[in-house]
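Residue-level listing of the chains:
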Amino acid sequence: MTAPHLDHPDDPDDLASRGPASVLQDETKIALTVVASIVRLSTLEVEGVHAVGSDGFVDGLVEMLSKRESDRGVKVTEDDQGRYAIEIHVILRFGCELAKVAEKIQANVRAKVGHMTGNPVAKIDVIVEGVRLDSAKSDDADWHNEPHTD
């Protein structure tokens, strides 16, 4: 005696025989924290960027306690059409052309986020919160390595 064929919703052959109206649509959701990580790393790739988010000890400590690493200095929202609006707070290197670096950040972030997520970026705001010297170029960066005269 042969067992009767039972319709199982997980059986791909059974779904195909039901026609296109009954096929479920697959969906992929990308968490905004993942997009924020892409934004952060894409921003750090740009020449002239010193840091994303605050660079001060107290500000950094407050941000670290209140947000995840990937969220610091980056805010990402998504509209109903799946487009991202991005806000990036940066510290740039002293001596660079701030507007040009901000444009390069916008271009790099737009390209990377679009490529990696498949979703378009509607808007990218870059907020320059400060400029810093590179620690290697600072005059007193190696004060602790100088010979002692005690």
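Residues numbered from 1 in each chain as written. Predicted model: local features only at pLDDT ≥ 70, side-chain atom pairs only at ≥ 80, totals over all residues. Heavy atoms only, no water.

Asker: Explain the overall build of the protein chain to me, using residue names and the numbers behind them.
Answerer: From N to C terminus, the protein chain includes four helices and four strands. Tracing the protein chain from N to C terminus, the helices and strands come up as α-α-β-α-β-β-α-β. Residues classed as buried in the protein chain amount to 29% of the 150 residues present. By element, 54% of the accessible surface of the protein chain is carried by carbon and sulfur atoms, the whole surface being about 10,800 Å². (Helix = DSSP H or I, 4+ residues; strand = E, 2+ residues; numbered from the N terminus. Buried < 20%, exposed > 50% of the residue type's maximum accessible area, 1.4 Å probe, protein only. Areas by Shrake-Rupley, 256 points an atom, 1.4 Å probe, with all protein chains shown as cover.)

Asker: So, a nonpolar patch on the surface: which residues are in play, and what are the values?
Answerer: On the surface, a cluster of nonpolar side chains totalling about 440 Å² of accessible area is made up of Phe-94, Leu-98, Val-128, Val-131 and Leu-133. Turning to its location among the elements, Val-131 is positioned in strand S4 (residues 121-132). (Patch = residues over 30% accessible without salt bridge, like charges linked within 9 Å, V, L, I, M, F, W, Y side chains within 5 Å. Salt bridge = Lys/Arg side-chain N within 4 Å of Asp/Glu carboxyl O.)

Asker: Give me the lowdown on the pairing of strand S2 (residues 74-78), citing residues and values where you can.
Answerer: Alignment of S2 against strand S3 (residues 84-93), held across five bridges, turns out to be antiparallel. Bridge pairing in S3 links Thr-77 to Ala-85. (Pairing = 2+ DSSP bridges.)

Asker: Which residues make up the nonpolar core, and what values do they have?
Answerer: One finds Val-39, Val-76, Ile-86, Ile-88, Ile-105, Val-109 and Val-113 to be the most contacted residues of the largest nonpolar core, which totals 22 residues. Other than its neighbours up to four places away in sequence, Ile-105 contacts Thr-43, Val-46, Val-49, Ile-88, Val-90, Leu-92 and Val-126. (Core = buried A, V, L, I, M, F, W, Y, C linked by side-chain atoms within 4.5 Å. Contact = heavy atoms within 4.5 Å.)

Asker: How would you sum up the packing of helix H2 (residues 32-44) against helix H4 (residues 98-117)? Please name residues and give values.
Answerer: Closest axis-to-axis distance for the H2/H4 pair is 9 Å, and the angle between their directions is 140°. Taken as axis vectors, H2 and H4 run oblique relative to one another. The handedness of the crossing between H2 and H4 is right-handed. Each of Val-35, Ile-38, Val-39, Ser-42 and Thr-43 in H2 lies in contact with H4, whose residues at this interface are Ile-105, Asn-108, Val-109, Lys-112, Val-113, Met-116 and Thr-117. (Axes fitted to C-alpha atoms, helices over the stretch in contact; angles between N-to-C directions. Parallel < 35°, antiparallel > 145°, perpendicular 65-115°, else oblique. Left-handed = near helix turned anticlockwise from the far one by under 90°.)

Asker: How would you sum up the pattern of salt bridges? Please name residues and give values.
Answerer: Under the counting rule described, the total for this entry stands at four salt bridges. Between Asp-79 and Arg-83 there is a salt bridge, with its nearest N and O atoms 2.8 Å apart. Linking Lys-123 and Asp-125 is a salt bridge whose minimum nitrogen-to-oxygen distance equals 3.5 Å. For Asp-125, a relative accessible area of 30% corresponds to the partly exposed category.

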